[in-house]
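Geometric and topological summary
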Amino acid sequence: MTIFVYLAALDRLVFPEDPVAINFSIRKHCSGFLVAHHPNKNAETRYNIYVDGLADLWEARKKERKSWIPGNRRGHRLVKATREELLVSLAAHEVRHRVQSDCSPKKFSPKSANLVKDKFIKSIIRFEALVLEEDRKTYNKENKSKFFIRGRINRKEFDANVIERLIASKIHRKNAYSLREETASIIKMSAP
Ligand SMILES: [Zn+2]
């Protein structure tokens, strides 16, 4: 349940005036997420941590190569993130969803790669665009429902995935706590 601690800490860092509740749900998320942000205009905005299957999802996540390491001459490479890097970047993804609904920043899309000046961010957007196409193929092959696919492949998810990978990469092999202010400003960043 460590994700609870990271999510609470990052949410308070980005929204110091208005931290929200984090709930645990014993259901599975309809699109198979571990954690989700639920904007709810009439009640408090909250995050849900989905307990059912959490351990399995976390095991799968640990195998992912999440951190994008800036290039030498051979270009960028992907490496496995540490447990802390995974937790911080997963929490950052969810807090970005809250920023999307509360602050309406311009969201990153595959096209942002052409507008963004920072080469590192540009390469991350391009990479996420490839991941998106691969995921689309995989879901079609696995006959996933339209509902499932729409939950995973959409503008909000793409944007949050860019932020997630950017943070996993920025804090890689560094002290995540000392980079907390930078992490919070990345979460609030607007696309060009
Ligand atoms: Zn998401």
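In this text, all values refer to a predicted model and were calculated from it rather than measured experimentally.

1. Some details on the overall build of the protein
Secondary structure assignment for the protein yields seven helices and five strands. Here the C-alpha atoms of the protein give a radius of gyration of 16 Å, agreeing with the 16 Å that 2.2 N^0.38 yields for 192 residues. Its C-alpha atoms give the protein principal-axis dimensions of roughly 50 × 40 × 30 Å. Residues counted as buried form 27% of the 192 residues belonging to the protein. Put simply, of all contacts in the protein between residues at least 6 apart along the chain, 65% involve residues at least 24 apart.

2. Description of the sheet that holds strand S1 (residues 21–25)
Taken in spatial order, the three strands make up an open sheet running S1-S3-S2, and their pairing is mixed. Strands with a single pairing partner mark the edges of an open sheet, and in this sheet they are S1 and strand S2 (35–38). Taking each pair of neighbouring strands and ignoring which way they run, the sheet shows an average axis angle of 25°. In this sheet, strand S3 (residues 46–50) lies alongside S1 in parallel orientation, the contact comprising five bridges. Bridge assignment links Phe24 to a residue of S3, and that residue is Ile49. Across the sheet, helix H3 (residues 83–103) lies against S2 and S3, angled at about 15° from S2, the strand it touches most.

3. As for helix H4 (residues 119–141)
The end-to-end C-alpha separation of H4 is 33 Å, in line with the 33 Å expected for 23 residues at 1.5 Å each. Where H4 is concerned, the buried positions are Ile121, Ile124, Ile125 and Glu128. Positive phi shows up at Asn143, right after H4, with a value of about 55°.

4. Concerning the environment of Asn140
Relative to the helices and strands, Asn140 is located in helix H4. Placed 26 residues apart in sequence, Asn140 and Leu166 show a C-alpha to C-alpha distance of 27 Å.

5. Quick look at the environment of Leu7
Topologically, Leu7 is positioned in helix H1 (residues 2–14). Looking at Leu7, the number of C-beta atoms within 10 Å reads 23, which means it is buried. The spacing of Leu7 and Val35 is 28 residues in sequence and 9.5 Å in space, taken between C-alpha atoms. Leave out the neighbours within four places in its chain, and Leu7 touches Ile22, Val35, Tyr47, Ala91 and Glu94.

6. Quick look at the nonpolar core
Membership of the largest hydrophobic core comes to 31 residues, with the highest contact counts inside it found for Ala91 and Ala92. Breaking this core down by element, the ones donating at least two residues are H1, S3, H3, H4 and helix H6 (155–170). The greatest single-element share of this core, amounting to eight residues, is contributed by H3. Those residues in contact with Ala92 that lie beyond four places of it in its chain are Leu10, Ile163, Glu164, Ile167, Thr183 and Ile187.

The rules behind each value
Residues numbered from 1 in each chain as written. Predicted model: local features only at pLDDT ≥ 70, side-chain atom pairs only at ≥ 80, totals over all residues. Helix = DSSP H or I, 4+ residues; strand = E, 2+ residues; numbered from the N terminus. Rg over C-alpha atoms; globule rule 2.2 N^0.38 Å. Buried ≥ 20, exposed ≤ 12 C-beta atoms within 10 Å, placed from the backbone. Contact = placed C-beta atoms within 7 Å. Pairing = 2+ DSSP bridges. Axes fitted to C-alpha atoms, helices over the stretch in contact; angles between N-to-C directions. Expected span 1.5 Å × (residues − 1). Core = buried A, V, L, I, M, F, W, Y, C linked by C-beta atoms within 7 Å.

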